[in-house]
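Here are the chains, one letter per residue:
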Amino acid sequence: SSGINAEYGYITNNLRDYVSVGPIYNMPMRISSGGRTRVMGGASNSLRPPMIVFGCSSFPQMSKGVCDILGITEGNLVINHPTHKETDVEINEFVRSKEVFIISSGSCEDINNTIMELLIVIYACKTSSARKIIAVIPYLPYSRQCKMRKRGCITAKLVAKLLCNAGVNHLITMDLHHKEIQAFFDCSVDNLRASPFIIQYILDNVPGYQNGVIIAKSPDATRRASSYAERLQLDIAVIHGEGKNEGEEYSDDGRSSPPPACSFSQQIFCFDYPGTVPQTVPKVKPPIKVVGDVSGRTAIFVDDMIDEARTFIDAARLLKANGATNCYVMVTHGILSGQAPEDLAACDDIDEVVVCNTTPIGDKTVRCPKLRVIDVSIMIAEAIRRIHNGESMAHLYLNIRGDD
């Protein structure tokens, strides 16, 4: 009746007005009157292209949940995996000059095929003349490989280059392993935070959290733990002295050879050293211990992801030995590969494990009855709505400092 072609996707206000309410505007309507043409609809009556949301086969639950919140229909995308194992993509939608949002996520079941499928879908939209391609990847695959290790490579940068070269113009993700990964991309990146959901869960579902203490399972996780502790007004404790990482173990591969002794035939290649080249003293990690007081208190782990459960199990056992009454594990990405769900279920020292649905959960809640899942699709949907309507994303980063 108003002359505006719009689909209204009202967002449920269940996090203390954290996520706003607003419509998703489709293609504005041109109305001719008195020889003049007016454009109506869209943010500030500006001409905005229509949007379409595609969901890859790796994460259909998220794409369906986002589309239900936005009140739109998911785009018709057919992905085939024939017997020759090559991914075949068919887009049964008109995407020319549209804003295309492609939802996918890293899956521990078949992560490499997941990435290749996403790249093919992105490139198919690019060659179909999509105006803008926004990749929505709540858990970015290979984000843990963001540092140089010996003769390896920074695989997170390779993934970023592949996505940008395939045609991505914008990336929406959540809780990157290190926020500096954003610099690997040649496009704009929105690194959303799951902390509002996790903090709300602690307030509503952790009994006696006021007598709790936030636990960093390693010194590297201290900054994240401090952020939660300051918001919940709790103390912090750090697990120090965890076991060696396999990738850091010493191996004699020839690089440790000392400077060669000079001979007459080698004088041109040698220097007259006054002594020996000093060597770095090797690290010796102390026995695992708790830095902080946890006696008679509820221990709450916070981290960005949980894959193999060994580190959390060892830390929880140590905390209980130091007098902690309960242990809760709160993480954003519940990868839980291999036998991790069964290991957590068998651990009596961990009372509850809480993850967000940034990755496919599958049957992990059945394999681990103490596993709880927080739905963050409302924040993904709100980010999509704001980007499409040309609104500011600052509301989704309220009270988040640069060092968070």
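Note that the structure is a prediction, hence the values are computed from the model and not measured. (Residues numbered from 1 in each chain as written. Predicted model: local features only at pLDDT ≥ 70, side-chain atom pairs only at ≥ 80, totals over all residues. Heavy atoms only, no water.)

Draft legend 1. Representation of the environment of Tyr228 in the model. When you line up the elements, Tyr228 lands in helix α5 (residues 222-232). Spatially, the C-alpha atom of Tyr228 lies 7.8 Å from that of Val302, the residues being 74 residues apart in sequence. Leave out the neighbours within four places in its chain, and Tyr228 touches Ser195, Ile198, Ile199, Ile214 and Val302. (Helix = DSSP H or I, 4+ residues; strand = E, 2+ residues; numbered from the N terminus. Contact = heavy atoms within 4.5 Å.)

Draft legend 2. Inspection of unusual backbone geometry at higher detail. With a phi close to 45°, Asp175 is a non-glycine residue in the positive phi region. As for its placement among the helices and strands, Asp175 is situated in the loop between β10 (170-174) and β11 (188-192). Judged by its relative accessible area of 7%, Asp175 falls in the buried class. At Leu336, a residue that is not glycine, the phi angle is positive and equals roughly 50°. Turning to its location among the elements, Leu336 is positioned in the loop between β16 (326-334) and α7 (340-346). With a relative accessible area of 2%, Leu336 lands in the buried category. (Buried < 20%, exposed > 50% of the residue type's maximum accessible area, 1.4 Å probe, protein only.)

Draft legend 3. Up close: the packing of aromatic side chains. Across all of its chains, the model carries one aromatic pair by this definition. Judged by centre distance (5.7 Å) and plane angle (75°), the ring pair of Phe301 and Phe312 falls under edge-to-face. Of the two residues, Phe301 is situated in strand β15 (residues 298-306) and Phe312 in helix α6 (residues 310-321); the sequence distance between them amounts to 11 residues. For the pair Phe301 and Phe312, a shared accessibility class is recorded, and that class is buried. (Phe/Tyr/Trp six-rings, centres within 6.5 Å; stacked < 30°, edge-to-face > 60°.)

Draft legend 4. Broad picture of the sheet that holds β11. In spatial order, the strands read β5-β8-β9-β10-β11; together these five strands make up an open sheet with parallel pairing. Each of the sheet's edge strands pairs with one partner strand only, and the pair in question is β5 (51-55) and β11. The sheet shows a mean angle of 15° between the axes of neighbouring strands, direction not considered. Sheet topology places β10 next to β11; five bridges connect them, and they run parallel. Looking at β11, one finds that Met174 is bridged to Leu192. Its contacts with the sheet place helix α9 (residues 377-389) against β5, β8 (99-103), β9 (132-136), β10 and β11, and it is angled at close to 160° to β10. (Pairing = 2+ DSSP bridges. Axes fitted to C-alpha atoms, helices over the stretch in contact; angles between N-to-C directions.)

Draft legend 5. Up close: the pairing of β9. In terms of burial, β9 is a largely internal element, four of the five residues being buried. Examined bridge by bridge, β8 and β9 share five bridges and lie parallel to one another. Bridged to Ile102 within β9 is Ala135. Across three bridges, β9 lies against β10 in parallel orientation. If you follow Val136 over to β10, its bridge partner there is Ile172.

Draft legend 6. Local environment of empty space enclosed by the protein. In this structure the tally under the stated criterion is one cavity of 30 Å³ or more. Approximately 60 Å³ is the volume found for the largest cavity. As for the largest cavity, its lining consists of Ser104, Ser105, Gly106, Thr114, Ile115, Leu118, Ile137, Leu140, Pro141, Val159 and Leu163. No other element matches the three residues that helix α2 (residues 111-127) contributes to the lining of the largest cavity. Residue composition of the lining of the largest cavity, by class: seven nonpolar, four polar and no charged. (1 Å grid on protein atoms, 1.4 Å probe; cavity = no way out; pocket = protein on both sides within 12 Å on 5 of 7 lines; lining within 4 Å. Points joined across faces, edges and corners; volume = space filled by probe spheres on them. Nonpolar A, V, L, I, M, F, W, Y, C, P; charged D, E, K, R; others polar.)

Draft legend 7. Spotlight on the pattern of salt bridges. In the structure shown here, the tally under the stated rule is 17 salt bridges. When the shortest N-O distance is used, the salt bridge between Arg297 and Asp235 registers 3.0 Å. Here Arg297 is found in the loop between β14 (289-291) and β15, whereas its partner Asp235 is found in strand β13 (residues 235-240), with 62 residues between them in sequence. Arg297 gets classed as buried once you look at its relative accessible area, which sits at 14%. (Salt bridge = Lys/Arg side-chain N within 4 Å of Asp/Glu carboxyl O.)

Functional significance is not addressed by these values, which are geometric in nature.
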